[in-house]
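Residue-level structure breakdown
Given next are the chains, with one letter for each unit.
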Amino acid sequence: TMRVGDSHSDLLFLAVARAGDQTLVATHTALEGDYRKQQYCNTIKSILSAPGFEGRVPAGSRLRLQDDDYSVTLLADDERLVYLVVTGSNYPLRVSTQILNEMKQEFRPYASKALTVKDNGLSKNTKKSFANMCERYAHVEDVDKIAAVQAKTEQVTVVMKKNIDNMLSNLDQTEKIQQDTEELNKAAGQFNRQANDLKRREVWKNRKMAIVLALVILLILGVLIISLLKS
């Protein structure tokens, strides 16, 4: 069962109306518990009561009105009955037109009664057929090949984007590892240079100590030799 808020359900409302007195003789809400039914009805009546509507929408013509959120697609017939489909704004026009043609076909047995019945007088008669239509056309991809291809393309695009993001993430990590390795190599080189410098200083210090010690020994030997010679 479709409910308000289902992301896949852009088909919202079906209606059949008389153009002359703006009476909605049959209506059906596609989404269970849709609190906007009265809003749909008011919108349709506003469209039908617009000045010059019957003259601007001759029999057999189709018209679509759309804003940011909703679309109303309608079909006028020879009996001045108007078939209307309310959908989300991104619902394909070709699918809305397909629904209108099917509505007109299904409503044919009630067309003569529709000329005289009161508001919603045929809603019960059309409930089953309209409900079946709403169920079948709720998932656009199931009935519209172009929409299905677009949906698959969007899915592939999302997957490709995720893969690219992962690749970029891995590349960033690789670059970071390389950078860290280079920094470690630099630090190791500096440590080796410092160690070599320290080693050279220690060697030179030891050499100086050896030279000083040798000079002291030579001095002592010289003093001893001179003392022995004098004695």
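Scoring rules and cut-offs
Residues numbered from 1 in each chain as written. Predicted model: local features only at pLDDT ≥ 70, side-chain atom pairs only at ≥ 80, totals over all residues. Heavy atoms only, no water. pLDDT = per-residue confidence, 0-100. Contact = heavy atoms within 4.5 Å. Core = buried A, V, L, I, M, F, W, Y, C linked by side-chain atoms within 4.5 Å. Buried < 20%, exposed > 50% of the residue type's maximum accessible area, 1.4 Å probe, protein only. Helix = DSSP H or I, 4+ residues; strand = E, 2+ residues; numbered from the N terminus. Phe/Tyr/Trp six-rings, centres within 6.5 Å; stacked < 30°, edge-to-face > 60°. Axes fitted to C-alpha atoms, helices over the stretch in contact; angles between N-to-C directions. Parallel < 35°, antiparallel > 145°, perpendicular 65-115°, else oblique. Left-handed = near helix turned anticlockwise from the far one by under 90°. Nonpolar A, V, L, I, M, F, W, Y, C, P; charged D, E, K, R; others polar. Salt bridge = Lys/Arg side-chain N within 4 Å of Asp/Glu carboxyl O. Pairing = 2+ DSSP bridges.

1. What to know about the confidence of the model for the chain
Here the chain averages 80 in pLDDT, and 77% of its residues register 70 or above. pLDDT under 50 marks residues 1-9. Its contacts with residues more than four places away, or in other chains, come to 21 contacts. In this model residues 154-158 is a low-confidence stretch, pLDDT under 50, and it forms 0 contacts with partners more than four residues away in sequence or in other chains.

2. Focus on the nonpolar core
Across soluble globular proteins, you tend to see nonpolar side chains buried next to one another. Among the nonpolar cores identified, the biggest contains 25 residues, and Leu11, Leu14, Val16, Ile99, Met103 and Phe107 are the most heavily contacted of them. Listed by contribution, the elements that provide at least two residues to this core are strand E1 (11-18), strand E2 (24-29), strand E5 (81-88), helix H3 (93-107), helix H4 (111-114) and helix H5 (123-137). With 5 residues, the single largest contributor to this core is H3. Those residues within four positions of Leu11 in sequence are excluded, and the remaining contacts are Ala30, Leu31, Val85, Val86, Thr87, Tyr91, Ile99, Met133, Cys134 and Tyr137. Core analysis: the second largest hydrophobic core is formed by 20 residues, Leu24, Leu31, Phe53 and Val86 among them.

3. Focus: the packing of aromatic side chains
With the rule as written, the count across this model stands at 4 aromatic pairs. Ring plane angle 80° and centroid distance 6.2 Å describe the contact between Tyr40 and Tyr70, whose orientation is recorded as edge-to-face. Taken together, the residues Tyr40 in helix H1 (residues 37-48) and Tyr70 in strand E4 (residues 70-76) connect sequence positions 30 residues apart. Under the relative-accessibility criterion, Tyr40 is labelled buried at 3%. The class of Tyr70 is partly exposed, set by a relative accessible area of 22%. Among the aromatic residues, those joined into a ring-pair cluster are Phe13, Tyr40 and Tyr70.

4. With respect to the packing of H3 against H5
Where H3 meets H5, the closest approach of the two axes is 11 Å, and the angle between their N-to-C directions is 160°. Relative to H5, H3 is oriented roughly antiparallel. Here the hand of the crossing between H3 and H5 comes out right-handed. Contact with H3, carried on its side by Val95, Gln98, Ile99, Glu102, Met103, Glu106 and Phe107, involves Thr126, Ser129, Phe130, Met133, Arg136 and Tyr137 of H5 and no other residues of that element. Residue composition of the contact of H3 with H5, grouped by class: 7 nonpolar, 3 polar and 3 charged.

5. Observations concerning the pattern of salt bridges
In the structure shown here, the tally under the stated rule is 3 salt bridges. The partner of Arg36 in a salt bridge is Asp34, with the nearest N and O atoms 2.8 Å apart. Comparing Arg36 with Asp34, the two get one shared label, buried. We note a salt bridge from Glu102 to Arg136, for which the minimum N-O separation is 2.1 Å. Note that Glu102 is positioned in helix H3 and Arg136 in helix H5, a separation of 34 residues in sequence. Looking at Arg136, the relative accessible area reads 40%, which means it is partly exposed.

6. A look at the sheet that holds E5
With antiparallel pairing, the 5 strands of this open sheet are ordered in space as E2-E1-E5-E4-E3. Each having just a single partner strand, E2 and strand E3 (62-66) make up the two edges of the open sheet. If you compare each strand with its neighbour and ignore which way they point, the axes differ by 15° on average. With 5 bridges joining them, E3 and E4 adopt antiparallel strand pairing. Opposite Gln66, over in E4, you have Ser71 as the bridge partner.

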